[in-house]
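Here is what each chain is made of, one letter per residue.
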Amino acid sequence: MHARDGRVHLTVWSMWSGAEEQNFLKVLARYQQLHPEVVVENLGAVNDDTKTVRAIVAGVPPDLFSLSDPLYLGPLAANGALVPLDDRFRASGLKESDFIPASLRQCRFRNRLYAMPFLIDCNALMWNKQAFRDAGLDPEKPPKTVEELEEAAVRLTKRDGDRIVRLGLMPMADENVFTQVFGGVLYRDDTDQVTPDDPGNLAALKWYASLMEKMGGYQKVNEFNSGFGQAQSANNPFFVGKVAMMINGEWNPWWCHKYAPKLEYGVAPLPYPAAHPELARSTWLGGNMFCIARGGKHPKEAWDLLVWMQSEEAQILFAGMMNNVPNLRSALRSPVLRQGGDYKKKYAIFLDLADTPNAGCFPAIPVSNLYSAELNTARDLVLNGEKTPEKALRDVRIRVQRELDRYKVAASPTDRRLALSTHVSGRPLN
Amino acid sequence: MTARARKVRSTASERRNLLKGLGFISPWIIGFLVLTLYPICASLYYSFCDYKVTAPPHWVGIRNYVELFTDQDYFLPSLKNTAFLFIELPISLVLSIALALLLNQKLRGMALFRTLYYLPSVVPTVASSILWLWLLNPQYGLVNKTLEMLHIPTTPWLQSPIWSKPAFILLDLWTIGGGMVIYLAALQGVPRHLYEAADLDGASAWRKTWHITLPSISPVIFFNAVLGIIGTFQYFTQSFLITSPVGGPANSTLFYALYLYQNAFNYFRMGYAAAMAWVLFVLTLLATLVVFKSSARWVYYEGEAR
């Protein structure tokens, strides 16, 4: 709204809370210094995207909002709730080649850009050197291949009676990482088909299930798992040595520095199947993205802020505080982010690994969130021995494809525009 | 104008009173129409639509219903999971009545016991769910530690597809204090003279309970049973809060209302969720009707001829 002061008041909804919100506010404050003509008003802790969806449907969206779950991008874009950004992207002089390719790929839906990244996350393998010594493994030689990872994980697992006391590899919070490790493809946009049961994905699930079996059985692993402390605390199972290896994100060196400064550990690229060396240096991206909602009052000012967020200054400022990965290549290489204590060196390994051609991200399709949930359930059913990997993944394909196909026959673009005018207050789009 | 016509047409003052009356209850009327009746009707319409929330609904006939009843992977298991919870109803019924009977004794410090047993019902569901998540923890949980001390085999509870539902029943039985208080109030209302008469006849405590106490509080049992049925069908919060993945392991705690919620708010399948809501409504209605029909046989109202 234009308040009495005549300046544009830009409403931003962001997912961060607590100390992280303070970091984001510092970024906004810097923008404010540079652009006194705009007043940026941040509402933090919007970490439930369904709230934003309701605001959009009700016709009172914020001007700019972060998606705390990137899985909502596809569904929102498919239903015409977001402003496509391609034209603005071209006009603003941003260059595609300046970005980590996957960081823009995860913001695209049907080849159109519906969001802009603001820092991303990537994964690497972290290993506890003392645990390696305990198990008679060379602490300076992390596993390079999936086969070596499996062997190490089994050797590193320690039992007391039938109880696990140390687990070789921490169970994944996001098992999709392994689809990337095995070169699996979750979706083919040339045919608009979901492919949860393609050979790579199937191999990944079979491998993961057999690893769980070899580490003591999923049930036992899960029991052990349930006693883990919070990740962001001194009770993090990796920090206290309950797990010897984990595949996790770039924020860990900072946390480890804070909560377990004495821990001896290393960071290495994700392993690859020995038979497929071309899959080396893979990673799975997540991260923060910002969207402009249809029906927002200040799309231009919102876009200007988004463009500034892609500047080296903004990226380094925020990444330095958050210990996340810049999505801008020049910021990624900036020495500023690599200066400081030992943990910054480990963080820098993540920075070096992020810009890889083997980076994957969850596909943005109209049913991303359904797809992801179905995949998680399917894996859970397989690990609990209720379904075979083949059947579980085939069932996912059938169920998700059926929903996906409905978006093809559903409302044509004109219908969708009509839909919006009934949902959104009839303001001109863009 | 005939007298008859005047009687049918209300007088000016009657009309004024009617308007005043309506005016006074209009907050409720408007609230009911806008916030209750309209959503109910709209959900019936949406249940026949493909409705993705951010786009307008379009009519698909009974497709949602057909899909519901042919879904072997989610809908039917969720219904079965919810059905399993009905085991809890008779258990909590017996336990809360027994507890109420015990707490109805005239002993010193009874107020303290009543408070203690009622206390868990005051704890918000969120807090108690998280608390039980730790009590049931397979490694550190007090439940398993106690079982170990008694040399009873332990189980992983919420980590096991077999024991996850019993874990929820256990969790809920902790809060039977709510029902107990209602029974306690009913017990206070059982006419003294009936017990006195039975005493004169030399009736045992068991006979007095069976022939006097239970019939006298049967309307309250009926009331609690109906509420219990409705509550069980709507079971949601505990599982939503403490299972990961939600409804896991292996979909064993994917209860009906939870799956409904996921469809509506996570998967953008509002039409499907609306159809689920209507099926839920019909199921609840049928179950309640059965209890109502049967109530003539076992619910006794004082002064009622038998």
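Bear in mind the structure is a predicted one, so any value in this text is a computation, not a measurement.

Asker: Any chance you could explain the overall build of chain B here in plain terms?
Answerer: Summing up its helical and strand segments, chain B has 15 helices and 2 strands in all. For 306 residues, the compact-globule formula gives about 19 Å, and the C-alpha radius of gyration of chain B, at 25 Å, lies well above that figure. Expressed along its principal axes, the backbone C-alpha trace of chain B runs to roughly 85 × 60 × 35 Å. Burial statistics for chain B: of 306 residues in total, 42% are counted as buried. Residue pairs in contact within chain B that sit at least 24 positions apart in sequence constitute 63% of those at least 6 positions apart.

Asker: Sorry, what's going on with the nonpolar core here?
Answerer: The nonpolar side chains of soluble globular proteins are, as a tendency, buried together. Residues A:Met116, A:Leu169, A:Met245 and A:Leu305 are the most contacted members of the largest nonpolar core, which totals 173 residues. Broken down by element, the residue count for this core peaks at 9 residues, all from helix α15 (residues 270-298) of chain B. Residues in contact with A:Leu305, not counting those within four places in the same chain, are A:Leu10, A:Val12, A:Leu28, A:Tyr31, A:Val40 and A:Leu64. Counting residues in hydrophobic clusters, the runner-up holds 34 residues, among them B:Leu99, B:Phe168, B:Leu173 and B:Tyr235.

Asker: I tried to follow the sheet that holds strand β12 (residues 243-249) of chain A on my own but got confused; where do I start?
Answerer: To summarise the sheet geometry, strands pair through backbone hydrogen bonds and adopt either a parallel or an antiparallel arrangement. Residue and element names in this part refer to chain A. Strand order across the open sheet formed by 5 strands is β8-β9-β12-β7-β13, with mixed pairing between neighbours. Because the sheet does not close on itself, it has two edges, and the strands there are β8 (158-160) and β13 (265-268). Direction aside, the axes of adjacent strands within the sheet are offset by 25° on average. As paired elements, strand β7 (residues 123-128) and β13 share 4 bridges and run antiparallel to each other. Across the sheet, residue Asn 128 finds its bridge partner in β13, namely Tyr 265.

Asker: Sorry, what's going on with the pattern of salt bridges here?
Answerer: Pairing of side chains with opposite charge becomes possible as their charged atoms draw close. A complete count under the given rule lists 33 salt bridges over all chains for this structure. Its salt-bridge partner being B:Asp50, residue B:Arg63 comes within 3.3 Å of it at the nearest N-O pair. Here B:Asp50 lies in strand β1 (residues 49-50) and B:Arg63 lies in helix α3 (residues 63-70), a separation of 13 residues in the sequence. Overall, the relative accessible area of 24% leaves B:Arg63 in the partly exposed class. Residue B:Lys208 pairs with B:Asp199 through a salt bridge whose shortest N-O separation is 2.8 Å. With relative accessibility at 19%, the residue B:Lys208 sits in the buried group. Taken together, the salt bridges that share partners define one network made up of A:Arg402, A:Glu403, A:Arg406, B:Asp50, B:Lys52, B:Arg63, B:Glu67 and B:Arg269.

Asker: Sorry if this is basic, but what is going on with the pairing of β7(A) here?
Answerer: Regular strands place side chains that alternate from one sheet face to the opposite one. All names here are of chain A. In terms of residue burial, β7 counts as a mostly covered element, since 6 of its 6 residues are buried. Side chains of β7 alternate between two faces, with Asn 123, Leu 125 and Trp 127 and Ala 124, Met 126 and Asn 128 buried alike. Pairing analysis gives 5 bridges linking β7 to β12, with the strands arranged antiparallel. Opposite Leu 125, over in β12, you have Ile 247 as the bridge partner.

Asker: Looking at this model, I keep getting lost on the interface of chain B and chain A. Mind explaining?
Answerer: Bring the parts together and some accessible area is lost; that lost area is often taken as the interface size. Of the residues lining the interface, 34 residues belong to chain B; the matching set on chain A comes to 36 residues. Remark: the boundary between chain B and chain A carries 6 salt bridges. Ionic pairing is found between A:Arg406 and B:Glu67, a salt bridge with its closest N-O pair at 2.3 Å. Where chain B packs against chain A, one counts 16 residue pairs in polar contact (both at pLDDT 80 or more). For the side of chain B that touches chain A, the element with the most residues is helix α14 (residues 256-266) of chain B, which contributes 3 residues. The class makeup of the residues in the side of chain B that touches chain A is 17 nonpolar, 9 polar and 8 charged.

Conventions and cut-offs
- Residues numbered from 1 in each chain as written.
- Chains lettered and ligands numbered in written order.
- Predicted model: local features only at pLDDT ≥ 70, side-chain atom pairs only at ≥ 80, totals over all residues.
- Heavy atoms only, no water.
- Helix = DSSP H or I, 4+ residues; strand = E, 2+ residues; numbered from the N terminus.
- Rg over C-alpha atoms; globule rule 2.2 N^0.38 Å.
- Buried < 20%, exposed > 50% of the residue type's maximum accessible area, 1.4 Å probe, protein only.
- Contact = heavy atoms within 4.5 Å.
- Core = buried A, V, L, I, M, F, W, Y, C linked by side-chain atoms within 4.5 Å.
- Pairing = 2+ DSSP bridges.
- Axes fitted to C-alpha atoms, helices over the stretch in contact; angles between N-to-C directions.
- Salt bridge = Lys/Arg side-chain N within 4 Å of Asp/Glu carboxyl O.
- Polar contact = N/O pair within 3.5 Å; in protein donor to acceptor, adjacent residues only side chain to side chain.
- Nonpolar A, V, L, I, M, F, W, Y, C, P; charged D, E, K, R; others polar.

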